[in-house]
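# Observations on the model geometry
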Amino acid sequence: MHAGQTASLLGSWIVLAGIWIVLATPGCGVRNPEASRPDVLLITVDTLRADGLGAYGSETGASPRIDGLARDGVVFERAIAASSRTSPAHASIMTSRYTREHSIGYQNGGTRLSGTQTLAGVFQAAGYDTAAFVGNPNLRRDTGFENGFAVYDDELPERERNRSHYERTARKTSERAMQWLENAREPVFLWVHYQDPHGPYAPPPEYSGRARVEAPEGEKPLPVLQSNDGIGGIPAYQALEGVTRLSDYQARYADEIAFADDWVGRLLDRFDARRGDRPGIVLLTADHGESFGEHGRYLVHGFSTTPPLAHVPLILRAPGIEPGRRRQVVNHVDVMPTLLALADIPAPDGMSGAALGPWLQGEAPLSERVVYCDIGSELSAYEDDAFLRVDGLRHAWPGDDGDANDEPQWLVYAWPEDGRWTPLPASEGRKHPLRKRFAQVDAYARSAVPMLQVPMDPTSEQHLRALGYLDGGADAR
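Computed from a predicted model, the values in this text were never measured in an experiment.

## Concerning the overall build of the protein
Scanning the protein for helices and strands turns up twelve helices and 18 strands. Residues classed as buried in the protein amount to 56% of the 477 residues present. For the protein, the proportion of contacts with a sequence separation of at least 24, taken over those separated by at least 6, is 71%. When the accessible surface of the protein is totalled, it reaches about 19700 Å², and 50% of it is carbon and sulfur.

Next up, the structure:
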């Protein structure tokens, strides 16, 4: 090879090397391998009954933005909360373990999540930028939910009406989350928790009257209670002077949904605009529902595992998933394996949930199963059109002797498509296919991971007691 050829060949290599350097530079053609991974947004809305959304049959008009998300994604019509209390439900979302399988247990704010991999931790280990913005003191950082998040924002600047409980409402929560998105690196895992519409229902003035709620003919006033248990009347923490009709409180609840819906929509717009043509996954659910007179309880939650408190929305929008509606029963424990599988991240062992993506894409069937809603003394095992409720459990937790005179009651309930859940007569219950699950449910009821208590500072204890979590109120431990 003569000198001219050598120089020509060397020049070609230099040019090729220069092209590779330019293409490998961010924004110059060859993207960082991480940039092709999907951004993931998990939204949890506190105290949102499934039937509070138009996508689930509500006619209040309170949820146009979430309903739009539902049209673009999959609506799971029979999603069941793992608990009707905030901390246990979110712990199941974040670990894919049922209430008796994680260290939060059934308690609400007095225990800590520990000893298991979390959804955020797995995303962070996979190279994701992770952040959480929460509005409820039961999700504060010393309860273990902060594990795996590079940013965990639990500032609660706003005081509620009627009690010394601090929270952060939808506008400020969305603003903080959207500000973080501006500077986050790709890809992101973002969890945003909205405290609205948790009571006391206090929509901002500009949202009052947005939702349509009609008072039933002949509606009678309810007494205002001194306690927060909601038994037979309006709990003290919800009470408004001179307002004693249930429908008036339901209207305020719907307006709170409208408030949250608006700011959920703004967050979705920012999430989608930021990622451009990069793939994005959105999953929205609620921690639990609310009682509007079922079981004789009003405007409270945490006391039962029946549909008013257990039936929650669950909406998934993801690349490769066709929009539609699915009637099969799903649970909070399915959130973690579903999001990890859709992001192509290996899931840790020991999860109780199912990855729903392969089933939705027709690659694998959803195995026959029951899913649980559990508050310790009571649990329900749900199938698609029925559930088995066990009330009055003794020895539900290590060291808890319960009342020796109590005997658990096992009842089978029909839960047809119209949602009118009713207990079956004993003769029908004994013949129901759920009866074959009795041994499985009993084995679950007798199991428990020891709960890990959290030493509380006086301020945190004051906030939780104000909520009724520590004094036998509606959400008592």
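Next comes the rest of the account.
## What about the environment of Tyr444?
On the secondary structure map, Tyr444 appears in helix H11 (residues 438–445). Classification of Tyr444 as buried rests on a relative accessible area of 6%. Discounting residues that sit within four places of it in the chain, Tyr444 has contacts with Tyr98, Thr99, Arg100, Tyr372, Asp374 and Leu379.

## Here's the deal with the confidence of the model for the protein
Considering every residue of the protein, the mean pLDDT works out to 88; 85% of them sit at 70 or more. Low pLDDT, under 50, characterises residues 5–32; the stretch is placed with eleven contacts to residues that sit more than four places away or in other chains.

## Section: the side chain of Thr47
If you trace the backbone, Thr47 turns up in the loop between strand S1 (39–45) and helix H2 (64–72). A relative accessible area of 0% means that Thr47 is categorised as buried.

## Side note on the pairing of strand S8 (residues 280–286)
Taking burial as the measure, the seven residues of S8 include seven buried ones, the bulk of the element. Of the two faces of S8, the one lined by Gly280, Val282, Leu284 and Ala286 and the one lined by Ile281, Leu283 and Thr285 are each fully buried. Here S1 pairs with S8 via seven bridges, running parallel. When the sheet's bridge partners are listed, Thr44 is paired in S8 with Thr285. Pairing analysis gives four bridges linking S8 to strand S12 (residues 314–317), with the strands arranged antiparallel. Paired with Leu283 across the two strands is Leu316, which belongs to S12.

## Structural notes on the environment of Cys373
Of note, Cys373 is situated in strand S14 (residues 371–374). Considering only alpha carbons, one finds Cys373 and Ala81, 292 residues apart in sequence, at a separation of 5.8 Å. In this structure, Cys373 is in contact with Ile80, Ala81, Ala82, Ser83, Ser84, Thr305, Ala310, Glu378, Leu379, Ser380 and Tyr382, ignoring residues within four places of it in sequence.

## Let's talk about H2
Every buried residue belonging to H2 is among Ile66, Asp67, Gly68, Leu69 and Ala70, and all of these are buried. Packing partners of the buried residues in H2 comprise strand S2 (74–80), helix H6 (246–275), S8 and S12.

## Re helix H8 (residues 335–342)
Taken across its eight residues, H8 has seven buried, putting it largely inside the fold. Buried residues of H8: Val335, Met336, Pro337, Thr338, Leu339, Leu340 and Leu342, and no others. Directly after H8, the chain includes Asp344, whose backbone phi takes a positive value near 60 degrees.

## Section: the pattern of salt bridges
In the structure shown here, the tally under the stated rule is 27 salt bridges. Among the salt bridges present, the one from Arg168 reaches Asp153, with a minimum N-O distance of 2.8 Å. With Arg168 in the loop between strand S6 (166–167) and helix H5 (170–183) and Asp153 in strand S4 (residues 151–153), this pair connects stretches of sequence that are 15 residues apart. The pair Arg168 / Asp153 is uniform in exposure class, with both members buried. Ionic pairing is found between Glu383 and Arg437, a salt bridge with its closest N-O pair at 3.4 Å. Linking Glu383 in the loop between strand S15 (378–382) and strand S16 (386–391) with Arg437 in the loop between helix H10 (426–431) and H11, this pair joins segments that are 54 residues apart in sequence.

## Points about the side chain of Asp153
Classification of Asp153 by relative accessible area gives buried; the value is 12%. Of note is the side chain of Asp153, whose polar atom sits 3.2 Å from the backbone nitrogen of Glu155. A distance of 2.6 Å separates the side chain of Asp153 from the side chain of Arg176, its partner in a polar contact. With near-sequence residues (within four places) excluded, Asp153 lies in contact with Ala132, Phe133, Val134, Arg141, Arg168 and Arg176.

## Structural notes on the packing of H2 against H6
How two helices sit against one another is set out by the angle between their axes and by the gap between those axes. Two elements in contact, H2 and H6, have axes whose closest approach is 7 Å; the angle formed by their N-to-C orientations is 50 degrees. By the criterion of interaxial angle, the relationship of H2 to H6 is oblique. Contact residues: Pro64, Arg65, Ile66 and Leu69 in H2; Asp261, Val264, Gly265, Arg266, Leu268 and Asp269 in H6.

## Some words on the packing of aromatic side chains
Per the counting criterion, the structure on display carries 20 aromatic pairs. Seen in terms of ring centroids, Tyr207 and Phe259 are 5.0 Å apart; in terms of plane orientation they differ by 50 degrees. Their pairing is tilted. Of this pair, Tyr207 sits in the loop between strand S7 (188–194) and H6 while Phe259 sits in helix H6, and the two are 52 residues apart along the sequence. The class of Phe259 is buried, set by a relative accessible area of 4%.

Calculation criteria
- Residues numbered from 1 in each chain as written.
- Predicted model: local features only at pLDDT ≥ 70, side-chain atom pairs only at ≥ 80, totals over all residues.
- Heavy atoms only, no water.
- Helix = DSSP H or I, 4+ residues; strand = E, 2+ residues; numbered from the N terminus.
- Buried < 20%, exposed > 50% of the residue type's maximum accessible area, 1.4 Å probe, protein only.
- Contact = heavy atoms within 4.5 Å.
- Areas by Shrake-Rupley, 256 points an atom, 1.4 Å probe, with all protein chains shown as cover.
- pLDDT = per-residue confidence, 0-100.
- Pairing = 2+ DSSP bridges.
- Salt bridge = Lys/Arg side-chain N within 4 Å of Asp/Glu carboxyl O.
- Polar contact = N/O pair within 3.5 Å; in protein donor to acceptor, adjacent residues only side chain to side chain.
- Axes fitted to C-alpha atoms, helices over the stretch in contact; angles between N-to-C directions.
- Parallel < 35°, antiparallel > 145°, perpendicular 65-115°, else oblique.
- Phe/Tyr/Trp six-rings, centres within 6.5 Å; stacked < 30°, edge-to-face > 60°.

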